[in-house]
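Structure at a glance
Next come the chains, spelled out residue by residue.
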Amino acid sequence: MGDVAMTVPVLRAFSMQYPEVKITVVSRPFFKPFFDGIPNLNFFSIDLKKKHKGFIGLLKLFSEIRKLQIDYVADLHNVLRSKVLRTLFLLSGKKVSATNKGRAAKKALTRSENKVFKPVKSMFDNHLETFAKLGFKIDLSNPKFPNKAILSKELINTISFSSEKNIGIAPFAQYDSKVYPLDLMQKVIDGLAINSKQKIYLFGGGEKEIELLNQLKSNHENVIVLAGKLSLNQELEIISNLDVMLSMDSGNAHIAAMLGIKIITLWGATHPYAGFKPFNQPDEYCITSKREEYPLLPTSIYGNKKIEGYEKVMRTILPETVIAKIETIIS
């Protein structure tokens, strides 16, 4: 989800700087709302479970997309499936390019010995290079974001949306090494909820996460659990109206960033140096675990790699630090 969200600022800039060019985004139907409102952009939904499954399915997909009279192919995912598809277009005479994910530099950043602790090229810059190879130079220095969504009265009533200060919190991530300990997150929520003029909205999904979110809500009337209540479109509308969002290194951070929302991220085993810092956010919005105590950080790019003795790195991030950063932003 985060990978897809990170393409949105690039494609929005492309559409504005090359209004004569039509863009077709090929992806899962779930992600269509990410691209709504971008001029000259058409979304092509793929069915990877049936119609476009396997090699035969990719041939069908190639045939369908080819009918759209595609001139250039930018492979922003660069996985086996997209490699096959772009190769078919290359063989048909089309100009193709693929995003270099900088795996060597990322490996150097996360290895234990001879670590090279410096920022690698961001995914946004990697995507810019992909389009530049096709002859399209994109400038991201002055990004434009969509307007805040106008919330329906029904939605406002459903979630008790406030006209005061609205804070979003997405406390989960795909891997445990990227999740702020829930007892510390509870302290963050309790500290923010003291101010009755602030409303805190908790994001997540799935039965287990909903159960944990309800525990984090506790008895606070100004803490609202959104998980399980809204469609993706509605969640995007809510996020676009937040004053600030707190997230782990996860897809929610990139969703908020693509909408132009200020986003504070907490980093455990991973690090913003790996190229996944949310779009257009200052470095001080990234709160990292202390390398003074855990010098091998970052130990992983995606959080899936574990190192013994590094299970509690995120406890070096104090709840008071997180609360102070949020209150500084919204004050």
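Now for a quick tour of the structure.

Parameters at a glance
- Residues numbered from 1 in each chain as written.
- Predicted model: local features only at pLDDT ≥ 70, side-chain atom pairs only at ≥ 80, totals over all residues.
- Heavy atoms only, no water.
- Helix = DSSP H or I, 4+ residues; strand = E, 2+ residues; numbered from the N terminus.
- Rg over C-alpha atoms; globule rule 2.2 N^0.38 Å.
- Buried < 20%, exposed > 50% of the residue type's maximum accessible area, 1.4 Å probe, protein only.
- Contact = heavy atoms within 4.5 Å.
- Areas by Shrake-Rupley, 256 points an atom, 1.4 Å probe, with all protein chains shown as cover.
- Lys, Arg positive; Asp, Glu negative; His and termini not counted.
- Charge placed at Lys NZ, Arg CZ, Asp CG, Glu CD.
- Expected span 1.5 Å × (residues − 1).
- Arc of directions from axis to C-beta.
- 1 Å grid on protein atoms, 1.4 Å probe; cavity = no way out; pocket = protein on both sides within 12 Å on 5 of 7 lines; lining within 4 Å.
- Points joined across faces, edges and corners; volume = space filled by probe spheres on them.
- Nonpolar A, V, L, I, M, F, W, Y, C, P; charged D, E, K, R; others polar.
- Core = buried A, V, L, I, M, F, W, Y, C linked by side-chain atoms within 4.5 Å.
- Patch = residues over 30% accessible without salt bridge, like charges linked within 9 Å, V, L, I, M, F, W, Y side chains within 5 Å.
- Salt bridge = Lys/Arg side-chain N within 4 Å of Asp/Glu carboxyl O.
- Phe/Tyr/Trp six-rings, centres within 6.5 Å; stacked < 30°, edge-to-face > 60°.
- Lys NZ or Arg CZ within 6 Å of the ring centre and 35° of its normal.
- Axes fitted to C-alpha atoms, helices over the stretch in contact; angles between N-to-C directions.
- Parallel < 35°, antiparallel > 145°, perpendicular 65-115°, else oblique.
- Left-handed = near helix turned anticlockwise from the far one by under 90°.

1. What to know about the overall build of the chain
Scanning the chain from terminus to terminus reveals twelve helices and ten strands. At 21 Å, the chain has a C-alpha radius of gyration in line with the 20 Å of a compact globule built from 331 residues. Its C-alpha atoms give the chain principal-axis dimensions of about 60 × 55 × 40 Å. Taken over 331 residues, the chain has a buried fraction of 52%. Residue pairs in contact within the chain that sit at least 24 positions apart in sequence constitute 62% of those at least 6 positions apart. With the model as given, the accessible surface of the chain reaches about 16800 Å², and the carbon-plus-sulfur share is 50%. A gap of 8 Å separates the mean positions of the 46 positive and 32 negative side-chain charges of the chain.

2. Quick look at helix α3 (residues 54-66)
The first and last C-alpha atoms of α3 sit 18 Å apart over 13 residues, in line with the 18 Å expected at 1.5 Å per residue. Buried residues of α3: Gly57, Leu58, Leu61, Phe62 and Ile65, and no others. Across the axial projection of α3, the buried residues extend over an arc of 145 degrees, all falling on one side. For α3, the elements touching its buried residues are β1 (23-27), β2 (41-45) and α4 (80-91).

3. Remarks on the layout of surface pockets
Here the second largest pocket is characterised by a volume of approximately 370 Å³. Around the second largest pocket sit 19 residues that line it, and Pro33, Asp36, Gly37, Pro146 and Leu259 are the ones nearest its centre. Among the secondary structure elements, those contributing two or more residues to the lining of the second largest pocket are α2 (8-17) and α10 (232-239). Take the lining of the second largest pocket: its biggest share by element is three residues, from α10. A per-class count over the lining of the second largest pocket returns eleven nonpolar, four polar and four charged.

4. Details of the nonpolar core
In terms of nonpolar packing, the biggest core is built from 57 residues, with Phe34, Phe35, Ile138, Phe203, Ile238 and Ile239 touching the most fellow members. If you list the elements that add at least two residues to this core, you get α1 (2-5), α2, β1, β2, α6 (123-133), α7 (153-159), α10 and α11 (251-258). Excluding anything up to four places from it in sequence, phenylalanine 34 contacts Met1, Val4, Ala5, Val8, Leu232, Leu236, Ile255 and Met258. With 38 residues, the next largest nonpolar core counts Tyr285, Leu297, Tyr310 and Met314 among its residues.

5. Points about a nonpolar patch on the surface
A surface patch of nonpolar side chains, amounting to about 300 Å² of accessible area, comprises Phe55, Ile56 and Leu59. Here isoleucine 56 shows up in helix α3. Taking relative accessible area as the criterion, isoleucine 56 reaches 55% and is therefore assigned exposed.

6. Section: the packing of aromatic side chains
Taken as a whole and assessed by the stated rule, the structure comprises 14 aromatic pairs. The interplanar angle of 35 degrees and the centroid separation of 5.9 Å between the aromatic rings of phenylalanine 35 and phenylalanine 43 together place this pair among those described as tilted. Note on phenylalanine 35: relative accessible area 3%, which makes it buried. Taken together through their ring pairs, the aromatic side chains of Phe14, Tyr18, Tyr72, Phe131 and Phe136 make up a single cluster. If you follow arginine 291 out to its NZ or CZ, it ends over the ring of phenylalanine 117, 3.6 Å from the centre.

7. Notes on the environment of leucine 11
Relative to the helices and strands, leucine 11 resides in helix α2. Through-space distance from the C-alpha of leucine 11 to that of leucine 128 is 9.7 Å; in sequence the pair is 117 residues apart. Ignoring anything within four residues of it in the chain, the contact list for leucine 11 reads Ile23, Val25, Phe35, Ile38, Leu41 and Phe131.

8. Focus on the packing of α2 against α6
The description of two packed helices rests on the angle between their axes and on the distance between the axes. One way to put it is that α2 packs onto α6 with a least axis distance of 9 Å and a crossing angle of 40 degrees. Here α6 runs oblique to α2, going by the angle between their axes. Between α2 and α6 lies a crossing of right-handed hand. Contacts between α2 and α6 involve Pro9, Val10, Leu11 and Phe14 from the first element and Phe124, His127, Leu128 and Phe131 from the second. Residue classes in the contact of α2 with α6 are distributed as seven nonpolar, one polar and no charged.

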